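Report on the structure
Given next are the chains, with one letter for each unit.
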Amino acid sequence: MTTADLDTDIATIRDALIDLYKDLHAHPELGFAEHRTSAEIARRATTLGYNVVSGVGRTGVVATLSNGPGPTVLLRADMDALPVREQTGLPYASTATDPESGSPVMHACGHDVHVTCLLGALEILARARSTWSGTLIAVFQPNEELGAGAQAMVDDNFFERFGTPDVVLGQHVMPLPVGMLAMHPGAAMASTDAWKVTLYGRGSHGSQPERAIDPVVMAAATVLRLQTVVSREIGGGDTAVVTVGSMRAGTQNNIIPDQAELQLNIRTYTPEVRERVLTAVRRIIQAEATASGAQRDPDIEVIDTFPITTNDPGAVDRTLEALGARFGAHNIIDPGPVTGSEDVGIFATASGAPLCYWFIGGTDPATFAAAQEKGTTAQDIPSNHSPHFAPVIEPTLDIGVAALITAALTWLGDPAS
Ligand SMILES: [Zn+2]
Ligand SMILES: [Zn+2]
């Protein structure tokens with residue numbers, strides 16, 4: 001497919017995709033509750049001629065198109081939104097709430113962009129099926145935000161049912177200027193380990209500390225000591241993040257509570273550093289409890305886990321060349337390893353296929369340049385998960401659709417050969 005053909009095709013579906021995007025944006029759903037979203041995807045993909053299976057890994061949708069001999073390409077988009085109250089003020093802003101929890105819900109991570117772009121790519125690839133041969137597997141994945149959706153789909157016999165891909169491709173919108181793409185070979189995104197830690201003390205009257213084992217002091221000491229993991233136990237050339245995002249204990253000033261709760265978020269880029277950090281964090285939690293005289297060991301509960309997202313260097317080279325030819329090599333940057341996490345890599349590790357995952361910019365270039373000029377990019381450009389996150393619709397969608405098609409065609413077969 002030539003660049004001109006692709007541009008013409010995208011122009012014919014642009015208005016419909018903008019409408020679809022606004023509709024998805026106004027109707028966000030939390031992970032594993034993407035019922036309306038998945039029904040809409042299934043309906044549209046069926047109309048486009050894809051073989052559609054819903055309910056894969058609970059709310060996931062898989063749309064396949066077998067188009068003769070050739071490689072199998074897996075294209076993945078995530079569908080879920082976040083418990084965030086939207087504050088963009090956009091006419092299509094979400095006012096939705098989660099039916100179960102009542103929490104406000106917003107597409108604050110841009111997964112509505114991903115779904116829209118993948119449906120657009122499926123439409124054009126189906127229309128242009130005489131130009132390629134092979135099999136397309138489009139994956140609309142639930143619950144990326146809690147790192148549970150990809151594993152749920154794999155556990156639902158994904159590869160037995162839909163085949164093993166030769167490559168796994170996907171993309172994420174981020175606060176870069178529209179028109180920029182970013183891709184990093186190797187460890188591209190961090191692993192996450194999120195833990196809930198319960199520290200057990202002994203409650204007492206606030207006036208009688210001698211009767212208590214104070215979990216507030218135990219928690220405070222633990223939080224401070226955890227700060228030494230990265231600074232004192234990890235090599236200068238390695239990277240890790242240990243964040244205590246939540247610390248809770250007690251109800252009022254004259255009661256020493258009987259327990260405290262910490263929530264930790266840990267990011268690493270290699271299995272070795274991950275093991276070292278997790279071991280150190282466990283050791284400190286246990287040792288501070290012992291130092292406080294706790295009579296019960298702390299409990300550690302895993303909230304969620306994301307693997308390291310590892311881009312295959314060969315797959316990145318091959319895809320980069322095609323994307324560079326399409327968008328201009330100067331518009332593609334290497335952002336280095338990103339501290340965010342993703343579960344797309346599970347489709348690659350579970351199948352043995354190489355992964356190629358990239359970022360597309362969604363910020364107005366003039367806004368971005370102005371913030372950069374002032375040195376306030378980090379404050380002024382809302383990031384993913386912010387209640388103000390608002391990608392500009394176009395040309396973000398155009399670029400997202402073109403990037404998926406360009407990458408897919410790089411891997412699919414040529415029917416002439
Ligand atoms: Zn997110
Ligand atoms: Zn996301």
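Source: prediction; values computed, not measured.

1. Digging into the pairing of strand S5 (residues 167-177)
- Within S5, 11 of the 11 residues are buried, which leaves the element mostly enclosed by the surrounding structure.
- Summarising the sheet, strand S3 (residues 72-78) and S5 pair through four bridges and their orientation is parallel. Residue pairing across strands places Val73 opposite Val167, the latter belonging to S5.
- Bridging between S5 and strand S16 (residues 355-363) involves eight bridges; their strand directions are parallel.

2. Let's talk about the coordination of the zinc ion (ligand 1)
- Looking at the zinc ion (ligand 1), the protein donor atoms are Cys109 (SG), Glu145 (OE), Glu145 (OE) and His385 (NE2), and they sit 2.0 to 2.6 Å from it.
- One can describe the site at the zinc ion (ligand 1) as irregular: its four donor atoms subtend angles covering 53 to 150° at the metal.
- Within one chain, the residues donating to the zinc ion (ligand 1) are spaced in sequence as C-x35-E-x239-H.
- Here the zinc ion (ligand 1) and the zinc ion (ligand 2) are spaced 3.0 Å apart, with Cys109 acting as a shared donor. Highlighted residues: Cys109 in the loop between S3 and helix H3 (111-127) and His385 in the loop between helix H11 (377-380) and helix H12 (396-411), separated in sequence by 276 residues.

3. What to know about the coordination of the zinc ion (ligand 2)
- At the metal site, the zinc ion (ligand 2) is ligated by Cys109 (SG), His111 (NE2) and His172 (NE2), and these contacts range over 2.1 to 2.3 Å.
- All donor residues of the zinc ion (ligand 2) come from one chain, and their arrangement in sequence is C-x1-H-x60-H.
- Judged by its relative accessible area of 7%, Cys109 is buried.
- The class for His111 is buried, based on a relative accessible area of 0%.

4. Some remarks on the nonpolar core
- Ranked by size, the top nonpolar core spans 66 residues in total, and within it Phe140 and Trp358 carry the most contacts.
- In contact with Phe140, not counting residues within four places along its chain, are Ile41, Gly60, Val61, Ala77, Met79, Val115, Leu118, Leu119, Leu122 and Met153.
- Ranked by size, the runner-up nonpolar core spans 27 residues in total, among them Leu176, Ala188, Ile346 and Tyr357.

5. Remarks on the domain arrangement of the chain
- You can read the domains of the chain as domain 1 (3-188 + 308-411) and domain 2 (191-306).
- Distance between the C-alpha centres of domain 1 and domain 2: 36 Å.
- Each partner contributes residues to the interface: domain 1 has 13 residues there, and domain 2 has 11 residues.
- Overall, the association of domain 1 and domain 2 removes approximately 900 Å² of surface from exposure, summing both partners, and the carbon and sulfur fraction of that is 61%.

6. Some words on the side chain of Thr222
- Along the chain, Thr222 falls in helix H6 (residues 215-233).
- A residue is classified by how much of its surface remains accessible, and Thr222, at 0% relative accessible area, is buried.
- Within the local environment of Thr222, its side chain forms a polar contact with the backbone oxygen of Met218, the two atoms lying 2.6 Å apart.
- Thr222 has contacts with Leu199, Leu262, Ile284, Ile285 and Glu288, leaving out every residue within four places of it along the chain.

7. Observations regarding the environment of Arg276
- Turning to its location among the elements, Arg276 is positioned in helix H7 (residues 271-291).
- Spatially, the C-alpha atoms of Arg276 and Glu233 are 8.2 Å apart, while their sequence positions differ by 43 residues.
- Look past the residues within four positions of Arg276 in its chain and what remains in contact with it is Glu233 and Ile234.
- In terms of polar contacts, Arg276 uses its side chain to reach the backbone carbonyl oxygen of Glu233, at 3.3 Å.

Reading the values: rules and limits
Residues numbered from 1 in each chain as written. Chains lettered and ligands numbered in written order. Predicted model: local features only at pLDDT ≥ 70, side-chain atom pairs only at ≥ 80, totals over all residues. Heavy atoms only, no water. Buried < 20%, exposed > 50% of the residue type's maximum accessible area, 1.4 Å probe, protein only. Helix = DSSP H or I, 4+ residues; strand = E, 2+ residues; numbered from the N terminus. Pairing = 2+ DSSP bridges. Donors = N, O, S within 2.8 Å, 3.2 Å for Na, K, Ca; no water. Tetrahedral: all angles 85-135°; square planar, octahedral: opposite > 155°, others 65-115°. Core = buried A, V, L, I, M, F, W, Y, C linked by side-chain atoms within 4.5 Å. Contact = heavy atoms within 4.5 Å. Domains from an automatic or database assignment. Buried area = accessible area lost by both parts, 1.4 Å probe. Polar contact = N/O pair within 3.5 Å; in protein donor to acceptor, adjacent residues only side chain to side chain.

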